[in-house]
Amino acid sequence: MRFSDLEGEAGEILQRYEYPKAAMLPLLWLVQENQGYVPPEAEAWVASTLGVARSQVREAVSFYNMFHTEPVGRRELRVCTSLPCLLRGAREVLDQIENRLNISPGGTTPGGEVTLTEVECLCACELAPMAQLDERFVGPLEGSTLDSIIQDALVEPGDPESAPEPDPYISTAGPVLSTRFEDPDGTWMEAYLADGGYAATKRALTSMSPDQVIDEVLKANLRGLGGAGFPAGRKWSFIPKETTQPIYLVVNADEGEPGTFKDRYIMERDPHALLEGIIIAAFAIGSHKAYVYIRGEYFRSARRLQRAIDEAHDRGWLGENIQGTGFDLKVVIHRGAGAYICGEETALLTSLEGGKGFPRLKPPFPAISGLFSCPTIVNNVETLASVPFILRHGAARFAAIGTATQGGTRLFCVGGHVVRPGLYEAPVSITLRELIEDAAGGIRDGKALKAVIPGGISAKVLTADEIDVAMDFDSLREAGSMAGSGGVIVMDETTNMVEALGSATRFFADESCGQCSPCREGTGWIHRIVRRITDGRGSSRDLDDLLAIAGDMEGKTICVFADAAAWPVQSYIMKFRDEFEHYIHTGAKSRSDEAA
Amino acid sequence: MPSLTIDDREIRVSGGTTVIQAAEKLGIFIPRYCYHPGLSIAGNCRICLVEVEGAPKLQIACNTPVTEGMVVRTDSGEAEDGRRAVLEFLLANHPLDCPVCDQSGECDLQNFYMNFGRYDPRFREHKVKKQKAVTLGPHVMLDQERCILCSRCVRFTDEITKTGEFGIFNRGDRAELGIYPGEVLDNPYSANVVDICPVGALTESDFRFKARVWYLSSAPSVCNGCSQGCNVDLHFMLDRPHLNDRARLVRIKPRYNPDVNQWWLCDEGRYGFGWLDRARLTEVRGPSTDAPVTAKPNWDQALTSISTTLAGLGRGQQNSGNGTGAEIAVIASGQLTNEELFLIREILQNFLGARVSASVADEPGSSDDFLIKADKNPNTRGATLMGLAGPGAPGAEQIVDEALAGNIGALWVFGHDLVELFGEEKVRELSARVNLFVFSGTNENPTASFAHWVLPTAAYVEKDGTFVNCHGRVQRVGRAFPPLGDSREDWRVLLDLAGRLGMALDWREPREIFQGLARALAPLAGLSYEAIGEHGADLMPATGAEP
């Protein structure tokens, strides 16, 4: 392949961005789509196209784990072994796939049909245990579906596949976010407009000032639903009023917190709701350019959102002079390439600018100096998708759904050992018990509950007698954990907490960006100790060492990743210390022993 | 101008100052790895943690701007525990190969461990393996395992040289420093990354395994490699000659000077010192005679002979001797100190009436818009101030032509290689034409073999004096160690000569010569060695703008 053949497309890509280097990931994707991997000549081509040193291109290629630097099979099968999949048998699934394809993770079948990759959470925990074949999510991998995906892995890309389209439990009852989730192919412009769509946008753009919009969102008590829970209206108000720089809205669609899969459903099944939220937010903060940063593994989300953007353009809801109001907005999709840390808002901005996903020192905060050093607001998908409801039905109605400090609903992602893993929309005042026992049908196989992670893998674990807590940010914080991303991972009495912790520590060791020394060294160190314990070589001092190391990591880094890596260690060991001691002192069995 | 308190001491600093800078003003040193005042703030090493009253957690001093009334503790238990924790993390995967590491003894992992070490190590896992002893370029070696990923070198090649060679590849504890495979780190400032590397990850190929740093002595000086006059420290070793192939100077490091070179030094200047200990002139050589050489000529014989001839040719005795109408000519050098050039002016030009030129049309060397200047002499500006170079001064070529025309009776050349400049034939002819041809210099060169007298002189590291750089800043060089062999400082030779000529000079050493110089030359008025100090002083502004 000659890179000159790609120059036309490269030129189009470069036009989307204010600075050439921001086209780093799209150009690398372009190369990989055409060549299957990124060879050194491609790095040189990308470097000269962007006007950067080759070392910077190599930094990116080596940082994002979806880029291949060697030729791979014609298909790629990514098998998730993160905690939610692990709880539902991912290890056995991977073993079977390895045996039947006769390759190990990282390997390619001798005929070059497929490369097998073991990956961290793909955020499709409702399908656990699951895998991704090229762009398609498949699961649960049980019975014939497992056979199908192994067969499909060997057929030519584009040929008919046998694995069935997944059919998990997805809430469609609303009232805010999920009312149009029924249509598995998404809700498109016609249907959205028929549902009263874009009325909220019209109201904001024609009858309200930006400050009135901010005020409405403030009164609605809309909190940032990416995980931090910061009041959305207040965040918007931080944009300097007198700035002469361009203002950017950046949508954080880099959903990656293990246990979470809500944003994908919004983008795939109701993309116009997100677009409406984007237009309203952009109007409120005075932005005319929005970027949507979608995690690299979400191929379908990116395609569907792009289709919605194109529809909105055609109908005059995006572009110049939206609906004759004089307001302009351009929305550009930017795909990530496999790095959890890019969900941290400043890492996302660094990544969007073409660098490694390194979180930034704060201050300055993005609202003052964000994307391309301009004032920037970063909002999560679910947060923005809630905005049209607020503008359409009023802040009071939205606020009334939730608690005194958090309005509305959330899309709770329930996975692990429940009868019915799936996506549940509920007012944030719902308790964890209600969510598990009523919504998700309780613990499967009649087992007893042992532990729950209420807000994604970073959240501190709660025990079975700590689940009578409401799911809003403040209640869960008071309960010593956090609402986080809304990813609820349920563990029954058969769960081995040491191995569960091992899954979490591996995740953090894999995903640390490596910038700050306590996190870079601490996550790897912790994981090596836990792995030694699970290998049966633990010692009595390990638990105290783990707690000390976790404590030493906390609060000493640029972003909260290190804290998030410390919390599982602390909470698992403190709440299940007896189990850990027993595991160590009885010379814990390795998995193969258990199987025997 | 916010005022704040650090460790109970109050200080007022300008707005925008960071805590680490404010502490430095108080003489409180806060440990740092990634922070470097010449580079952007990375904030990644986390060793500079301090306690700030009211903040929920420890803050990094390098990125915390001071605010009015801020109360900072660098010495509290919490701050020290924070640093201890960070240092333990940094050492977790560090190979601890100090016994074979060139950085040992000047390593900030070692240094800070003395204060913030956890002397009962807890790390009992296998360390991450990375590449060792990687040659990055002509001057720099990389050990990835020792690297603490502070990114100083990455920022140096991004921000200072803008050459972008370095990158940190991969992530988590697999992150590793490197340059793009197949590329070479050979920008003109490459070795600065060794200086700023706080650990033993980047070391100098040239210094590799030569000596433990604690064997080295250090003396401040100024690079003589070009007219920029970058400040340097000379690291030398006199008592272990076997370690460095008998060479005394082991390495040169940049010395911080905010007005000249900041923290930096070019590779050309840094590694251009081989001549100091190689092919040096160490003995006086006299006119060849037919008589068997029973004793080598010595300084006394040389200066007696030279002074007698010069006195015969000099002002007052002119035309009285050989009737050739000859006079004395001197080709001086921008490599000489101001003190020496001043003596040449006073003794040879003013007392003897010699024609003196320090205007030698060398081929211009490489240059850039940063530190490297095309004029490879450190003191052309000094020679110009004294009228020995620049407008009004004769060119060296004129003097050579005059000599060839038979109008010169005695020629004294300081350091220059006339053979390279004018060709061997001309120099051979010139040597035959003049009555006296003196070459004084530090090193063998083809011109020396045509001279009647060869006087071995001291290198700039072997003598005291001053240079004026191209921006009009007068700076001191100092004697790091004595002249090699029988070589002598030019100023000493010239003072000796003055005595033999009957001149009444009461200067005994460079410091005193400079006092005379400062009285004689307006741009230097009021200056002294003390006033020049370690960082130099700008000439009086009236002349500071001279070309």
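Asker: For the overall build of chain B, give the residues involved together with the corresponding values.
Answerer: Within chain B, the secondary structure is distributed over 16 helices and 21 strands. Referenced to the eigenvectors of the C-alpha coordinate spread, the extents of chain B come out at roughly 90 × 50 × 35 Å. Here chain B, with 547 residues, has 58% of them falling under the buried criterion. Counting contacts in chain B only where the partners sit at least 6 residues apart, residues at least 24 apart contribute 67% of the total. As presented, chain B carries roughly 22,000 Å² of accessible surface, and 50% of it is formed by carbon and sulfur atoms.

Asker: Any details on the overall build of chain A? Residues and values, ideally.
Answerer: Along its length, chain A carries 25 helices and 14 strands. On C-alpha atoms alone, chain A measures out to a radius of gyration of 23 Å, which is about the 25 Å that the 2.2 N^0.38 rule sets for 596 residues. When the backbone C-alpha atoms are referred to their principal axes, chain A occupies close to 70 × 60 × 45 Å. For chain A, the proportion of its 596 residues judged to be buried stands at 64%. Partitioning the contacts of chain A with sequence separation of at least 6, the portion at a separation of at least 24 is 72%.

Asker: Outline the pattern of salt bridges, supporting the account with residue identities and numerical values.
Answerer: Residue and element names in this part refer to chain A. Taken as a whole and assessed by the stated rule, the structure comprises 90 salt bridges over all chains. We note a salt bridge from Asp 474 to Arg 477, for which the minimum N-O separation is 3.3 Å. Here Asp 474 pairs with Arg 477, and both are found in helix H19 (residues 473-478), just 3 residues apart, close to one helical turn. Arg 477 gets classed as exposed once you look at its relative accessible area, which sits at 54%.

Asker: Outline helix H10 (residues 396-404) of chain B, supporting the account with residue identities and numerical values.
Answerer: All names here are of chain B. When H10 is considered as a whole, its buried residues turn out to be Ala 396, Ile 399, Val 400, Ala 403 and Leu 404. Here the buried residues of H10 occupy an arc of 135° about the axis, which is enough to place them on one side. After H10 finishes, the residue Gly 406 shows a positive phi value of roughly 85°.

Asker: If you had to explain the interface of chain A and chain B to someone new, which residues and values would you point to?
Answerer: Taken together, the contacts link 47 residues of chain A with 45 residues of chain B. Summed over both sides, the interface between chain A and chain B buries roughly 3,700 Å², with carbon and sulfur atoms accounting for 50% of that surface. Counting the surface chain A buries against chain B, the share from its top three residues, Arg 520, Trp 525 and Arg 528 of chain A, is 19%. Counting the contacts that link chain A with chain B gives 8 salt bridges. Of the charged contacts in the structure, one is a salt bridge between Arg 532 of chain A and Glu 125 of chain B, with a shortest N-O distance of 2.8 Å. Here chain A is connected to chain B by 28 residue pairs in polar contact (both at pLDDT 80 or more).

Asker: A description of the sheet that holds strand S5 (residues 71-73) of chain B should follow, citing residues and the corresponding values.
Answerer: Sheet strands pair via backbone hydrogen bonds, and the direction of the pair is either parallel or antiparallel. All names here are of chain B. The 5 strands lie next to each other as S2-S1-S5-S3-S4, forming an open sheet whose pairing is mixed. Looking along the sheet, the strands with just one partner apiece sit at the ends: strand S2 (9-12) and strand S4 (59-60). Packed onto the sheet, helix H2 (residues 77-92) meets strand S3 (49-52) and S5 and runs at close to 155° relative to S3.

Asker: Provide a residue-level description of the pairing of strand S12 (residues 449-453) of chain A, including the pertinent values.
Answerer: All names here are of chain A. Summarising burial for S12: 5 of the 5 residues are buried, a large majority. Two strands pair when backbone bridges link them, and S12 and strand S14 (residues 487-492) are joined in this way by 4 bridges, in the antiparallel orientation. Each bridged residue has a counterpart across the sheet, and for Ala 451 the counterpart in S14 is Met 491.

The rules we used
Residues numbered from 1 in each chain as written. Chains lettered and ligands numbered in written order. Predicted model: local features only at pLDDT ≥ 70, side-chain atom pairs only at ≥ 80, totals over all residues. Heavy atoms only, no water. Helix = DSSP H or I, 4+ residues; strand = E, 2+ residues; numbered from the N terminus. Buried < 20%, exposed > 50% of the residue type's maximum accessible area, 1.4 Å probe, protein only. Contact = heavy atoms within 4.5 Å. Areas by Shrake-Rupley, 256 points an atom, 1.4 Å probe, with all protein chains shown as cover. Rg over C-alpha atoms; globule rule 2.2 N^0.38 Å. Salt bridge = Lys/Arg side-chain N within 4 Å of Asp/Glu carboxyl O. Arc of directions from axis to C-beta. Buried area = accessible area lost by both parts, 1.4 Å probe. Polar contact = N/O pair within 3.5 Å; in protein donor to acceptor, adjacent residues only side chain to side chain. Pairing = 2+ DSSP bridges. Axes fitted to C-alpha atoms, helices over the stretch in contact; angles between N-to-C directions.

Purely geometric numbers; function is a separate question.
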